[in-house]
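Now for the letters of each chain:
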Amino acid sequence: MFKRARIAAKSAARRSTFARRVLVALLAASLLPAAASSVEARDPLLAYGARIVGDDARTRIVIDFDREPRFSVHYIANPERIVVDLPATAFGFPAKDLAARGLFKDIRYGKMDEESARIVLTTAGPVKLALAKVQADEAGNGHRLVLDAEMIDKKAFAELVKTQSWNDRAWSNRTEAAQTTSAIPAPQKAAPGDFVIAVDAGHGGIDTGAIGVDTKTEEKQVTLAFAKALTDRLNKEPGIKAFLTREDDEFLSLSQRVLIARQNHAGLFISLHADTLKQKDIRGATVYTISDKASDKLAADLAERENLSDQIAGKETVAEPPEVADILLDLTRRETQAFSISLAESVLNSFKDQVGTINNPHRHAGFRVLQAPDVPSILLEIGFLSNAEDEKLLLDEAWRGKIAGLLTDAVKRYRAAVMANGG
């Protein structure tokens, strides 16, 4: 069954060594900062080829690396997923070469942080890896990772999930807990009395977000460009200090984004997105605030998709801790929600006659990234990558500058109103 995979592997082995080295250099330069903190981050693995064969009973994945990769495998339920963790890796093969088929209904891969990458295999049912090994290329051109997946029953899968340990990483001594608390960004030169703003570029790393209808640009790139432009513009204002929740192509869980804002005592949290819709003719900006009940189906569907970010990245589903029944906490939430609505209205006032918006541009739903009880927060859909005209604007540097200026005006008005009311 895997004869074609072996033939493809031999073909890949004959690829030019020089070309691979050039690709390593280019990818390393574009994906990683010059002053990375570890050897693996400075010199990431290169996954230069991939292929997948098989059917809905047994499926094989083969990934070619420029050198031997160390890896670890874990299983996650609800829904069933297989997670393959790797050191820092640049993925240099076309996405179509690892398109989901057979036992897998979705395959994601990408950067988690400066030192790690991840492959997340969402399966069509209970599956295990009957084989997961690294073997040297016969022609001496690096190594390949071979993953053979096969069907198992639900009881066997549940046992895999129950008996595994998430601390047994073959390539790192870090624990999952250590990953979630490291390298919290902080605003630069924040002084007492400064108005601190967390600017959150949606998605990142393995979570690419939406894809542009024409250019195929990834949402995570669009949001980071806008976030950087907005942060730079805000920091030109006296008394305002803005910072990025993520500064490069790195995955952050939804709870991490909220934690970063709160630990830096942010007075505002602005999360930037550029989603896609099935209705390609819908275009324009939308501002969302949090609510237990969605304002409409569009808002509900968007919140559901955005709240799946952690699942896409292969994060374990952890039940939220029950909140203490506290009237003061409830009052804080209500006050914060009122401030969030005020910020949303200020943004839309800035956009009036300057930026196109959808019908009823202020909507609300249960976005997990907006859940900080004490930080006024909005989620701004700058436009839709599913609309060709919006996509052109989203990729326009001048348009980014205009949006950054209008948002800064909105923040200044919001801040003035809060200060006038003794905030």
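Computed from a predicted structure; not experimentally measured. (Residues numbered from 1 in each chain as written. Predicted model: local features only at pLDDT ≥ 70, side-chain atom pairs only at ≥ 80, totals over all residues. Heavy atoms only, no water.)

### Re the environment of Met 151
Right, on to step 1. Locating Met 151 in the fold gives a position in strand β9 (residues 143-151).
Right, on to step 2. With sequence-adjacent residues up to four places away left out, Met 151 is seen in contact with Asp 56, Ala 57, Leu 103 and Pro 126. (Helix = DSSP H or I, 4+ residues; strand = E, 2+ residues; numbered from the N terminus. Contact = heavy atoms within 4.5 Å.)

### Considering the pattern of salt bridges
Pairing is possible between side chains of opposite charge, provided their charged atoms come close.
Right, on to step 1. For the structure on display, the rule yields 26 salt bridges.
Right, on to step 2. Between Asp 66 and Arg 67 there is a salt bridge, with its nearest N and O atoms 3.1 Å apart.
Right, on to step 3. Residue classification places Asp 66 among the partly exposed positions, given a relative accessible area of 23%.
Right, on to step 4. Its relative accessible area of 29% is what places Arg 67 among the partly exposed residues.
Right, on to step 5. Its salt-bridge partner being Arg 368, residue Asp 310 comes within 3.7 Å of it at the nearest N-O pair. Residue Asp 310 is located in helix α9 (residues 309-312), and its partner Arg 368 is located in the loop between β14 (357-365) and β15 (377-381); the two are separated by 58 residues in the primary sequence.
Right, on to step 6. By relative accessible area, which is 23% here, Arg 368 ends up partly exposed.
Right, on to step 7. Several salt bridges converge on common partners, so that one network encompasses Arg 51, Asp 64, Asp 137, Glu 138 and Arg 144. (Salt bridge = Lys/Arg side-chain N within 4 Å of Asp/Glu carboxyl O. Buried < 20%, exposed > 50% of the residue type's maximum accessible area, 1.4 Å probe, protein only.)

### Digging into the pairing of strand β1 (residues 45-54)
Right, on to step 1. A large share of β1 lies buried, amounting to ten of its ten residues.
Right, on to step 2. As judged from the three bridges shared by β1 and strand β5 (residues 89-91), these two strands associate in the parallel manner. Each residue of the ladder has a partner; that of Leu 46, found in β5, is Ala 90.
Right, on to step 3. Of the pairings in the sheet, the one linking β1 to strand β2 (residues 58-65) comprises seven bridges and is antiparallel in character. The partner of Gly 54 across the bridge, within β2, is Thr 59.
Right, on to step 4. Following β1, the chain reverses through three residues before pairing antiparallel with β2. (Pairing = 2+ DSSP bridges.)

### Overview of the sheet that holds strand β7 (residues 116-123)
Right, on to step 1. Strand order in this open sheet of four strands is β3-β4-β7-β6, and the pairing throughout is antiparallel. Both edges of this open sheet fall to β3 (72-76) and β6 (104-113), since each of them pairs with a single strand only. Strand-to-strand twist in this sheet, taken as the mean axis angle between neighbours without regard to direction, amounts to 20 degrees.
Right, on to step 2. Summarising the sheet, β6 and β7 pair through eight bridges and their orientation is antiparallel. Paired with Gly 110 across the bridge in β7 is Arg 118.
Right, on to step 3. The sheet strands contacting helix α4 (residues 154-163) are β3 and β4 (81-87), and the helix crosses β3 at an angle near 120 degrees. (Axes fitted to C-alpha atoms, helices over the stretch in contact; angles between N-to-C directions.)

### Details of the nonpolar core
Right, on to step 1. Core analysis: the biggest nonpolar cluster contains 40 residues, and Ile 197, Val 199, Leu 272 and Phe 351 have the highest contact counts within it.
Right, on to step 2. The residues touching Leu 272, leaving out its near neighbours within four places in the chain, are Val 199, Asp 200, Ala 201, Gly 202, Thr 223, Phe 226, Ala 227, Leu 230, Leu 380 and Ile 382.
Right, on to step 3. Of all hydrophobic cores here, the second largest spans 29 residues; its members include Ala 47, Tyr 75, Ile 82 and Leu 147. (Core = buried A, V, L, I, M, F, W, Y, C linked by side-chain atoms within 4.5 Å.)

### A word on the packing of aromatic side chains
Right, on to step 1. Evaluation of the coordinates by the stated rule reveals seven aromatic pairs.
Right, on to step 2. Residues Phe 91 and Phe 93 carry aromatic rings whose centres are separated by 6.2 Å and whose planes lie at 90 degrees to one another, so their mutual orientation is edge-to-face.
Right, on to step 3. Since its relative accessible area comes to 6%, Phe 93 is described here as buried.
Right, on to step 4. Each residue in the set Phe 91, Phe 93 and Tyr 109 is aromatic and connected to the rest through ring pairs, giving one cluster. (Phe/Tyr/Trp six-rings, centres within 6.5 Å; stacked < 30°, edge-to-face > 60°.)

### Some remarks on the packing of helix α6 (residues 219-234) against helix α12 (residues 397-420)
Right, on to step 1. One can describe the packing of α6 onto α12 by two numbers: an axis separation of 9 Å at closest approach and a directional angle of 50 degrees. On the basis of the axis angle, α6 is oblique to α12. Considering only the axes of α6 and α12, their crossing is right-handed. Contacts between α6 and α12 involve Ala 225, Phe 226, Ala 229, Leu 230, Arg 233 and Leu 234 from the first element and Trp 399, Arg 400, Ile 403, Ala 404, Gly 405, Leu 407, Thr 408 and Val 411 from the second.
Right, on to step 2. Its residues assigned to classes, the contact of α6 with α12 shows ten nonpolar, two polar and two charged. (Parallel < 35°, antiparallel > 145°, perpendicular 65-115°, else oblique. Left-handed = near helix turned anticlockwise from the far one by under 90°. Nonpolar A, V, L, I, M, F, W, Y, C, P; charged D, E, K, R; others polar.)

### Here we look at the sheet that holds β9
Right, on to step 1. Strand order in the open sheet made by the five strands is β5-β1-β2-β9-β8, with mixed pairing throughout. In the strand order of this sheet, the two ends are held by β5 and β8 (127-136), each with one partner. Across the sheet, the axes of successive neighbouring strands diverge by a mean angle of 25 degrees, strand direction being ignored.
Right, on to step 2. Pairing of β2 with β9, which is carried by eight bridges, proceeds in the antiparallel orientation. Paired with Thr 59 across the strands is Ala 149, a residue of β9.

### Focus on the confidence of the model for the protein
Right, on to step 1. Considering every residue of the protein, the mean pLDDT works out to 84; 80% of them sit at 70 or more.
Right, on to step 2. pLDDT under 50 marks residues 1-41. Its contacts with residues more than four places away, or in other chains, come to 54 contacts.
Right, on to step 3. In the predicted structure, residues 321-325 sits below a pLDDT of 50 and forms three contacts with residues beyond four places in sequence or in another chain. (pLDDT = per-residue confidence, 0-100.)

### Considering unusual backbone geometry
Right, on to step 1. Put simply, Asn 78 and Pro 79 share a cis peptide bond, and its omega is -5 degrees.
Right, on to step 2. Position of Pro 79 among the secondary structure elements: in the loop between β3 and β4.
Right, on to step 3. Located in the positive-phi region is His 265, a residue other than glycine, with phi close to 55 degrees.
Right, on to step 4. Mapped onto the secondary structure, His 265 falls in the loop between α7 (254-263) and β12 (268-273).
Right, on to step 5. Look at His 265 and you get exposed, because its relative accessible area is 68%.

### What about helix α8 (residues 297-306)?
Right, on to step 1. If you check which residues of α8 are buried, you get Ala 299, Leu 302, Ala 303 and Glu 306. Taken around the axis of α8, the buried residues stretch over an arc of 100 degrees, which confines them to a single face. Among the exposed residues of α8, those oriented more than 90 degrees off its buried face are Lys 297 and Glu 304.
Right, on to step 2. Its side-chain oxygen 3.0 Å from the backbone nitrogen of Leu 298, Asp 296 forms the N-cap of α8. (Arc of directions from axis to C-beta. Polar contact = N/O pair within 3.5 Å; in protein donor to acceptor, adjacent residues only side chain to side chain.)

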